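Spelled out, the chains give:
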Amino acid sequence: MRKETPGPENFNEISIERKAGTMKISVIGTGYVGLVAGTCLAEFGHEVTCIDRIKEKIDCLKSGKCPIHEEGLEDLIKKNAAAGRLDFSTDLATSVSNSQAVFLGVGTPEGPSGKTDLSALRGAARQVAQNMRGYTLVVIKSTVPVGTAEEISRLINHNIRHLATFDIVSNPEFLRQGTAVYDFLNPERVILGASSETGVKLIREIYESFVERDIPIIETTNETAEVIKYAANSFLAVKISFINEMASICQKVNADISQISRALGMDRRIAPGCLNPGPGFGGSCLPKDVKSLIYTARGAKYRFRLGRAALDVNKHQHKAVVDKLRQTLGSLRRKRIALLGVAFKANTDDTRESPAIHIARRLYREGAELVAYDPVAMKLGKIDIPEVAFVDSAYDACYNADATLLLTEWQEFRELDFARIKMLMARPVLHDTRNCLDGQKMIALGFEYKDNGRMTRPSAIGTSRQVEASSLSLNFESSSGKHEKISPPVSASGAVALGKS
Ligand code: UGA
């Protein structure tokens, strides 16, 4: 999409000055997308200024600190800042007027009824228009609904103040939080949506490293690029909800979800990713993007049934975790529950749409007393769920607890001393919603252990009848009505018999 303002004769000959192979780039927005993109573009050798209107964020970045928990990002920021290729500023005007390319990486959160809120993007685009000089390549990195590039193009055209021309490229990002730097530097594909050859030529130069490495590049229209992003995230959401449904079925029919996921993943048409069952998908992308596509489809008079089903299953996952705990503990009122993890997945401090937060709220509504621990997400968790007590370690969380819920798959949780945890707990109920732990081991330690659709039992040949019977014997409340520490029955072989739910 190439647009120009009316101007002098030589308008289209405005030169694009740059050192061979490198460009001056402004990246607007220092959230996950903008900060990772800016830092990695500097790593490619470009001169990058990351812009944000929040001064504290910029001050933090200038001091060499990374405001988000993202593997490898802080080191890369320090390295590129020290090399003079990466700078941070609140001064959008100066940076944009000196840039050959501007990447828009601001947030596009969920607005009312699932519609994407584009106000930050529109605001950034307006300022870019008012300050750009000469030729500027405008790259939309933020996830935006179909038609946004067209709208932003019109908006820029209306707001240009200086002698300027521009192209817009839609270049959606597929990075995952926790592995964002790796994903940016090693994409599986690069999507370039544009309607002008100049725009595509320039972005290919910016991404020379991808071109050299033969990373597949799909050149398409702005609209198709925009839909690709939503299609990808919606597909992942559907896939996760699908495997969560399979895990629920497994729990009822004595089948093992781990082996099913493995077998499905071996089919090249299915692929192994996003086949781990859990308490539901969360984060700032999947839930919001499915809703946004539902909204877009509705606007086009189409009902996106699969998207709705994925969200429906996802909501059910939160309820299912609470129901399962209630089945074990009876009423949750005054029950002390330890929550291990509040981040929406491991290796991030992000709690947006975290299943752990949704589950905590449900438990709280049922009168449970909640104590939580997360290795890095406690700061944000405390804001989301102020009614929960946060403590400094998993052991502190489990102290005197009637049940422990493992909600985020942190490596730290896999390595806990569960013998110690069992001793600390008032009742050794352990629900592993992410299938992180060795179920056999937990059962042998004496936990009333439940996972998410695996066949965790003393031996793979145990019958369902045995499993159910032992399960019942452990879901026990003493005559006093108080939970007591109970010793699970031990089989002749010394293994503890306990079934999955
Ligand atoms: C997601 C996509 O995976 C990225 O490709 C995309 O670029 C990004 O959104 C975005 O739009 O910016 P992310 O939100 O970081 O990335 O997280 P995922 O790793 O996809 O996980 C999303 C949620 O699904 C998490 O809550 C995770 O725990 C859950 N999940 C994931 C499962 O329950 N099971 C799985 O097998 C995989």
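For the structure, see preceding data.
Given the structure is predicted, the values throughout are model-derived calculations rather than measurements.

A. Structural context of the site of the ligand. Lining the immediate surroundings of the ligand are 21 residues, of which Leu 175, Gln 177, Lys 229, Asn 233 and Arg 434 lie closest. Contact between the ligand and Lys 229: an oxygen atom at 2.7 Å from a side-chain N or O atom of the residue. Contacts to the ligand include Leu 275, whose backbone N or O atom sits 3.2 Å from an oxygen atom. For the ligand, whose accessible area on its own is 700 Å², the fraction buried by protein is 91%. Of the residues forming the shell around the ligand, the biggest block, 4 residues, is contributed by helix α10 (residues 222–253). Taken together, the residues of the shell around the ligand sort by class into 10 nonpolar, 5 polar and 6 charged.

B. Structural context of the sheet that holds strand β15 (residues 448–450). Pairing within the open sheet is parallel, and its 6 strands lie in the order β12-β11-β10-β13-β14-β15. Sheet topology places β12 (389–390) and β15 at the edges, where each strand pairs with a single neighbour. Pairing of strand β14 (residues 429–432) with β15, which is carried by 3 bridges, proceeds in the parallel orientation. Of the residues in β15, the one forming a bridge with His 431 is Lys 450.

C. Focus on the packing of helix α12 (residues 286–299) against helix α13 (residues 305–329). Interhelical geometry of α12 versus α13 gives an angle of 145° and a closest axis separation of 9 Å. Helix-helix and strand crossings are classified by hand; for α12 and α13 the assignment is left-handed. Contacts between α12 and α13 involve Pro 287, Val 290, Lys 291, Ile 294 and Arg 298 on the former and, on the latter, Gly 307, Arg 308 and Leu 311. When grouped by side-chain class, the residues that make up the contact of α12 with α13 number 4 nonpolar, 1 polar and 3 charged.

D. The environment of Gln 177, seen in detail. Residue position: Gln 177 is located in the loop between β7 (164–170) and α7 (180–185). Along the backbone, Gln 177 and Gly 283 are 106 residues apart, and their C-alpha atoms lie at a distance of 8.9 Å. Side chain to side chain, Gln 177 and Thr 348 meet in a polar contact 3.2 Å long.

E. Structural context of the side chain of Thr 351. Checked against the element boundaries, Thr 351 lands in the loop between β10 (336–340) and α14 (355–365). The class for Thr 351 is buried, based on a relative accessible area of 5%.

F. How the structure looks around helix α3 (residues 73–82). When α3 is considered as a whole, its buried residues turn out to be Leu 73, Leu 76, Ile 77 and Asn 80. The buried residues of α3 occupy one face: seen down the axis, they fall within an arc of 105°. In this structure, α3 carries Asp 75 and Ala 82 as exposed residues pointing more than 90 degrees from its buried face. Of the surrounding secondary structure, the elements contacted by the buried residues of α3 are α1 (32–43), α2 (55–62), β4 (86–89) and α7. Gly 84 sits one or two positions beyond α3 and adopts a positive phi of about 80°.

G. Quick peek at unusual backbone geometry. One non-glycine residue, Asn 254, lies in the positive phi region at around 65°. Within the secondary structure, Asn 254 is located in the loop between α10 and α11 (257–265). A positive phi angle, near 55°, is found at Glu 353, a position not held by glycine. Inspection of the secondary structure assignment puts Glu 353 in the loop between β10 and α14.

H. Layout of the nonpolar core. If you look at the biggest cluster of nonpolar residues, it comprises 51 residues, and the most contacted ones within it are Leu 325, Ile 337, Leu 339, Leu 363 and Leu 405. For this core, the leading source of residues is α14, giving 5 residues. Formed by 43 residues, the second largest nonpolar core is a distinct cluster that contains Phe 44, Ile 68, Leu 73 and Ala 101.

Criteria and cut-off values
Residues numbered from 1 in each chain as written. Predicted model: local features only at pLDDT ≥ 70, side-chain atom pairs only at ≥ 80, totals over all residues. Heavy atoms only, no water. Near = heavy atom within 4 Å. Polar contact = N/O pair within 3.5 Å; in protein donor to acceptor, adjacent residues only side chain to side chain. Areas by Shrake-Rupley, 256 points an atom, 1.4 Å probe, with all protein chains shown as cover. Helix = DSSP H or I, 4+ residues; strand = E, 2+ residues; numbered from the N terminus. Nonpolar A, V, L, I, M, F, W, Y, C, P; charged D, E, K, R; others polar. Pairing = 2+ DSSP bridges. Axes fitted to C-alpha atoms, helices over the stretch in contact; angles between N-to-C directions. Left-handed = near helix turned anticlockwise from the far one by under 90°. Contact = heavy atoms within 4.5 Å. Buried < 20%, exposed > 50% of the residue type's maximum accessible area, 1.4 Å probe, protein only. Arc of directions from axis to C-beta. Core = buried A, V, L, I, M, F, W, Y, C linked by side-chain atoms within 4.5 Å.

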